[in-house]
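Take a look at the letters that make up each chain.
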Amino acid sequence: PLARDVDSWNALILGYARQELSYEALTCFERMRRERISPNEETFIYLLKACGSIAAIDEGTRVHDEIANRAFLEKSIAVGNALIDMYAKCGLLEKAQQVLEELPVRDNVSWNALIAGYAQHGHGEEAFKCFEEMRHENILPNAITYIWILKACASTGTIQESQKIHANIEKHGLGNDNLVGNTLIDMYAKFGFLQTAETMFEKLEKRG
């Protein structure tokens, strides 16, 4: 008979995580461990996704402990990024920041997860600080970075800050990204700059 291996379990855990059946994903992990099958990088990434989607912080912390015991944070930036994302989604932003600071290597995915967490939980100033630190490390922002920074601008920033961010977006050639464009429209509308929002909308329509 065919034997179940780590890839079989990962496929099942990912399937449950994608359908947001997070408890089922975590149950699969327990069954996998009972069969003494050692988890790999993908296992932990899928589990953290499952924990983040239902804010299962106790389970997420236990997964973090196992990741630390197996020294995965030293080996895999993807696992580190998934851990930041999980803590950010659960609202444990200080913990997310701590994980980021302890990573041996960071990229824009690491910073984006933290910036998104701060923006989603209404901490616009902290999101801006992360944005500045990220650029200070010479890590280039991408469309996702700018989407979350624009959302932070719309909730806690000023129109002057927002216009500076918009200028950066155009400078880096990201003004043609549809999601960035939609976020700019939303931001200008929230500030009451409806003519500018209308102009942005017309640009999107012409491309569409």
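Below: a short report on this structure. This one's a predicted model, so the numbers in the text were calculated from it and none came from an experiment.

1. Let's talk about the packing of aromatic side chains
- Counted by the stated rule, this structure contains three aromatic pairs.
- Seen from their ring centres, Phe29 and Phe44 are 6.4 Å apart, and the 65° between their planes marks the pair as edge-to-face. Separated by 15 residues along the polypeptide, Phe29 in helix α2 (residues 22–34) and Phe44 in helix α3 (residues 41–53) bring together distant segments of the chain. You'll find Phe29 and Phe44 in the same group, each marked buried.
- Look at Phe131 and Tyr146: their rings are 5.8 Å apart centre to centre, the planes differ by 70°, and that puts the pair in the edge-to-face class. With Phe131 in helix α9 (residues 124–136) and Tyr146 in helix α10 (residues 143–156), this residue pair connects regions lying 15 residues apart in the sequence. In this structure, Phe131 and Tyr146 share a single accessibility class: buried.
- One aromatic cluster is present, built from ring pairs that chain together Phe29, Phe44 and Phe72.
- Between Lys75 and the ring centre of Phe72, over which it is positioned, the NZ or CZ distance is 4.6 Å.
- Sitting over the ring of Trp148, Lys151 keeps its end group 5.7 Å from the ring centre.

2. With respect to the pattern of salt bridges
- For the structure on display, the rule yields nine salt bridges.
- The closest approach of N and O atoms between Arg4 and Glu35, which form a salt bridge, is 2.4 Å. Pair noted here: Arg4 is in the segment before α1 (6–18) and Glu35 is in the loop between α2 and α3, with a separation of 31 residues, a long-range link.
- Assessed through its relative accessible area of 48%, Arg4 is described here as partly exposed.
- A residue is classified by how much of its surface remains accessible, and Glu35, at 34% relative accessible area, is partly exposed.
- Note that Arg135 and Glu132 form a salt bridge whose closest N and O atoms lie 3.4 Å from each other. With Arg135 and Glu132 both in helix α9 and three residues apart, this pair spans about one turn of that helix.

3. Some words on unusual backbone geometry
- Phi is positive for Arg36, close to 60°, though the residue is something other than glycine.
- Here Arg36 lies in the loop between α2 and α3.
- Overall, Arg36 belongs to the exposed group, its relative accessible area being 77%.

4. Describing the side chain of Asn168
- Considering the arrangement of structural elements, one finds Asn168 in helix α11 (residues 159–171).
- Taking the relative accessible area as the measure of exposure, Asn168 reaches 15% and is therefore buried.
- The contact partners of Asn168, leaving out residues within four places of it in the chain, are Arg135 and Tyr146.

5. Quick look at α10
- Its 14 residues place the ends of α10 20 Å apart at the C-alpha level, agreeing with the 20 Å of an ideal helix rising 1.5 Å per residue.
- Of the surrounding elements, those touching the buried residues of α10 are α8 (108–120), α9, α11 and α12 (178–190).
- By the N-cap criterion, in which a side-chain oxygen at the helix start approaches the backbone nitrogen of a residue two or three places on, α10 is capped by Asn142, the distance to Ile144 being 3.2 Å.

The rules behind the values
- Residues numbered from 1 in each chain as written.
- Predicted model: local features only at pLDDT ≥ 70, side-chain atom pairs only at ≥ 80, totals over all residues.
- Heavy atoms only, no water.
- Phe/Tyr/Trp six-rings, centres within 6.5 Å; stacked < 30°, edge-to-face > 60°.
- Helix = DSSP H or I, 4+ residues; strand = E, 2+ residues; numbered from the N terminus.
- Buried < 20%, exposed > 50% of the residue type's maximum accessible area, 1.4 Å probe, protein only.
- Lys NZ or Arg CZ within 6 Å of the ring centre and 35° of its normal.
- Salt bridge = Lys/Arg side-chain N within 4 Å of Asp/Glu carboxyl O.
- Contact = heavy atoms within 4.5 Å.
- Expected span 1.5 Å × (residues − 1).
- Polar contact = N/O pair within 3.5 Å; in protein donor to acceptor, adjacent residues only side chain to side chain.

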